[in-house]
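Coordinate inspection notes
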Amino acid sequence: MKTASPFLFSRTSLFLFFSLFVFCQGGQFQPGEWKLVKKSIGISAMHMALLPNNKIITFDRTDYGPSNISLPSGRCRRDPHDQALTTDCSAHSVEFDPADRSIRPLTILTDTWCSSGALFPDGKLVQTGGFNDGDRAVRYLSPCPGCDWVESQFGLSVRRWYSSNQLLPSGKMIIVGGRGQFNYEFIPKASKSDISLYDLKFLRETRGSSAENNLYPFLHLLPDGNLFVFANTRSILLDYVNHRILRTYPEIPGGDARNYPSCGSSALLPLVLNSKKETKAEILVCGGAPPDSNAKANSGVFMSASKTCGRLTATDDSPEWVMEEMPLRRVMGDMIMLPTGDILIINGAAKGTAGWGVAREPVLEPVLYRTGMVGNRRFEVLRGTSIPRMYHSTAHLLPDGRVLVGGSNPNIRYDFMGVLFPTELSLEAFSPPYLIKGSPRPTITRINPGLNLQYKTRFSVEFDSKKKDGGVYVTMVAPSFTTHSYAMNQRLLVLEVAGVRQVSGTHYVIDGYAPATSALAPPGHYLVFVVHGGVPSPGKWVHISSGGN
Ligand SMILES: *[C@@H]1O[C@H](CO)[C@@H](O)[C@H](O)[C@H]1NC(C)=O
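Residues numbered from 1 in each chain as written. Predicted model: local features only at pLDDT ≥ 70, side-chain atom pairs only at ≥ 80, totals over all residues. Heavy atoms only, no water.

**Considering the UniProt feature "domain: Galactose oxidase-like Early set" (unreviewed entry) in the protein**
Listed under "domain: Galactose oxidase-like Early set" (unreviewed entry) in the UniProt record, and renumbered for this structure, are residues 441–544. Across residues 441–544 one finds 0% helix and 62% strand; the C-alpha atoms that close the span lie 25 Å apart. (UniProt positions renumbered as here; feature names shortened; annotations may be inferred. Helix = DSSP H or I, 4+ residues; strand = E, 2+ residues; numbered from the N terminus.)

**Remarks on the site of the ligand**
Looking at the ligand, the residues that line it are Asn68, Phe416 and Leu425. In the environment of the ligand, an oxygen atom lies 2.3 Å from a nitrogen or oxygen atom belonging to the side chain of Asn68. (Near = heavy atom within 4 Å. Polar contact = N/O pair within 3.5 Å; in protein donor to acceptor, adjacent residues only side chain to side chain.)

**Section: the state of the cysteines**
Applying the stated criterion across every chain, the model contains three disulfides. The partner cysteine of Cys76 in its disulfide is Cys89, sulfur to sulfur 2.0 Å. Around the S-S axis, the bridge from Cys76 to Cys89 shows a dihedral of about 95 degrees and counts as right-handed. In this pair, Cys76 is assigned in the loop between β3 (56–59) and β4 (77–78) and Cys89 in the loop between β5 (87–88) and β6 (93–97), connecting sequence segments 13 residues apart. By relative accessible area, which is 22% here, Cys76 ends up partly exposed. Under the relative-accessibility criterion, Cys89 is labelled partly exposed at 37%. The connectivity of the disulfides in the protein is 1-2, 3-4, 5-6, where the numbers refer to bonded cysteines in sequence order. There is no disulfide at Cys114, and the cysteine sulfur nearest it, in Cys263, is 9.4 Å away. You can call Cys114 buried: its relative accessible area is 0%. (Disulfide = S-S within 2.5 Å. Buried < 20%, exposed > 50% of the residue type's maximum accessible area, 1.4 Å probe, protein only.)

**Considering the environment of Glu424**
With respect to the element layout, Glu424 can be found in the loop between β32 (403–407) and β33 (427–431). Judged by relative accessible area, Glu424 falls into the buried class, the value being 19%. As a C-alpha pair, Glu424 and Thr279 span 145 residues in sequence and 41 Å in three-dimensional space. Setting aside anything within four residues of it in sequence, one finds Glu424 in contact with Ile43, Ser44, Ile387, Pro388, Arg389, Gly407 and Ser408. Here the side chain of Glu424 touches Ser426 through a polar contact of 2.6 Å, side chain to side chain. (Contact = heavy atoms within 4.5 Å.)

**Quick look at the confidence of the model for the protein**
Fine structural detail should not be taken from predicted coordinates in areas where pLDDT scores are low. Residues with a pLDDT of 70 or more make up 94% of the protein, whose mean pLDDT is 93. Mean pLDDT in the protein bottoms out at helix α1 (residues 13–26), which sits at 42, and peaks at strand β17 (residues 227–231), which reaches 99. This stretch, residues 1–26, has a pLDDT under 50; its non-local contacts, to residues over four places away or in other chains, come to 64 contacts. (pLDDT = per-residue confidence, 0-100.)

**Here's the deal with the sheet that holds strand β11 (residues 150–152)**
Read from one edge of the open sheet, four strands run β8-β9-β10-β11, paired in antiparallel fashion. Whereas interior strands pair on both sides, the edge strands pair on one side only; in this sheet they are β8 (116–119) and β11. Sheet twist, expressed as the mean angle between neighbouring strand axes with direction ignored, is 20 degrees. (Pairing = 2+ DSSP bridges. Axes fitted to C-alpha atoms, helices over the stretch in contact; angles between N-to-C directions.)

**Notes on the packing of aromatic side chains**
By the definition in use, this model includes 26 aromatic pairs. With a centroid separation of 6.3 Å and an interplanar angle of 20 degrees, the aromatic rings of Phe120 and Tyr140 are classed as stacked. One end of the pair, Phe120, is in the loop between β8 and β9 (125–128); the other, Tyr140, is in strand β10 (residues 138–141), and 20 residues separate them in sequence. Residue classification places Phe120 among the buried residues on the basis of a relative accessible area of 9%. With relative accessibility at 23%, the residue Tyr140 sits in the partly exposed group. Taken together through their ring pairs, the aromatic side chains of Tyr64, Trp113, Phe131, Trp161, Tyr162, Tyr216, Tyr260, Trp356, Tyr391, Tyr414 and Phe416 make up a single cluster. Positioned above the aromatic ring of Trp113 is the side chain of Arg61, whose terminal nitrogen or guanidinium carbon lies 3.7 Å from the ring centre. Seen from the ring of Trp161, Arg179 lies directly overhead, with NZ or CZ sitting 5.4 Å from the centre. (Phe/Tyr/Trp six-rings, centres within 6.5 Å; stacked < 30°, edge-to-face > 60°. Lys NZ or Arg CZ within 6 Å of the ring centre and 35° of its normal.)

**So, the domain arrangement of the protein**
Domain boundaries in the protein define domain 1 (2–25 + 437–545) and domain 2 (28–431). For domain 1 and domain 2, the distance between their C-alpha centres works out to 26 Å. If you look at the interface, domain 1 gives 48 residues, while domain 2 gives 78 residues. Taking both partners together, domain 1 and domain 2 bury about 4,800 Å²; carbon and sulfur atoms supply 60% of that area. The largest share of the area that domain 1 buries against domain 2 comes from Phe481, His484 and Tyr486, three residues that together contribute 16% of it. For the pair domain 1 and domain 2, the interface holds zero salt bridges. At the junction of domain 1 with domain 2, the criterion picks out 25 residue pairs in polar contact (both at pLDDT 80 or more). When contributions to the side of domain 1 that touches domain 2 are tallied by element, the ones reaching two or more residues are α1, β37 (472–478), β38 (481–483), β39 (486–488), β40 (491–494), β43 (524–532) and β45 (540–545). Here the side of domain 1 that touches domain 2 gets six residues from one element, more than from any other, and that element is α1. For the side of domain 1 that touches domain 2, the class distribution of residues is 26 nonpolar, 17 polar and five charged. (Domains from an automatic or database assignment. Buried area = accessible area lost by both parts, 1.4 Å probe. Salt bridge = Lys/Arg side-chain N within 4 Å of Asp/Glu carboxyl O. Nonpolar A, V, L, I, M, F, W, Y, C, P; charged D, E, K, R; others polar.)

Take a look at the structure:
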């Protein structure tokens, strides 16, 4: 590559990563754009996932009473213990196709309220637990045309309500906690050890006095394969193979609780891969509420949400939380990783907590958190929407680089009138600033040797780009399962690059390396993006495993 080339390039992706942020500072700032993509999908999107066939899967709970869409083929659900309707012929799960905005009702016959999930390595969506007749269920949805949920009503060892999931390097999934469950378990249940239940005292200890401020614990798989678990204000490193706690991290300062119902959010910052160095893992936790906020809200006093984020390098020898102040207070925010490696903090409220009707003052403006910048240039307030996204709202990155937003129902039933925050059946898409810069986007034309990557092996990404300046890097994003302000299994890797070649006018090839281990990138589907001058290409699905092509 010639030095006159427009690319800022060095051997390490780390340099590319940071050179980009410097470039971004020069451009004129754009606040992003909102679009209503569907007025009603028939249900309120409490849980949201993206399948490798580009379909969005949403579901809420089966005991809301009737939704605004019928179950397929005239089916009905019968549950004598249902809190709203013992016979319900409406659907509570929907597939949404962002390409043509069509919807397809799906069949869930046991209750999925406040449940959890993630994708298995084969691209199947797995959903676990819920309430009532669904509290021990494991449900699967394959990414195929016309496919529907397959339910196994007693797939879990114990009931799980408000638990969290993480896909592991082995391809198994761990399910941690839930109401009254101070333990974890694994699926699928292939061997005796999968059927066992493992105690986690930490969850009993972090429960809190006025509210269980440790539900939906934040899980992050670290580069050494161990699991970082954050609950309420505390965090540990869990060796889930030998069932030992390897480290106890310092408590996050400030006193605010960070997990449900004080719902802050959390993300593992981009893992910048470099075969010569150990991969550093940083955890970010943003927003939340004072520990007694839920109890106060239930008595009509709405306390201000947290304004802080804490950032911890979990791989350091003696890590400390570095606290930062957000421009806006937020409880029930979602933290969605953008293809660039930045984080969008979106949805939620400025007062109160999660729960039925116990939050006030919707925060309509998303905030961009630039992971690579220093000081107060990290945060940027973006353009707001007009639709409050309160309790039971969700967000998910779309393959085209937009962020899909849906849900919001702080009411016990579907209520469209006479309530403070009506049940939202709509979906909106937020286009982050990089999509409306008016500058051309790179496009991935080919991935060699193919779309099935093998750990540690070399591969190349061919792309077209009309851009003349700015750094280039490649990211790989694991799709999340988002509910209750937490995008489970979300993961972004900045790949190690060996070189960039200009093949012809606007055509380039990047040679790089697939992530080295399944602890860095558990087997499964990822979206690959080329980012050029701060603008990401549309994502292209790849699959990584130890088998490869
Ligand atoms: C849902 O259905 C109810 C009852 O038919 C109706 O009043 C309401 O307007 C519908 N909501 C939407 C967003 O379609």
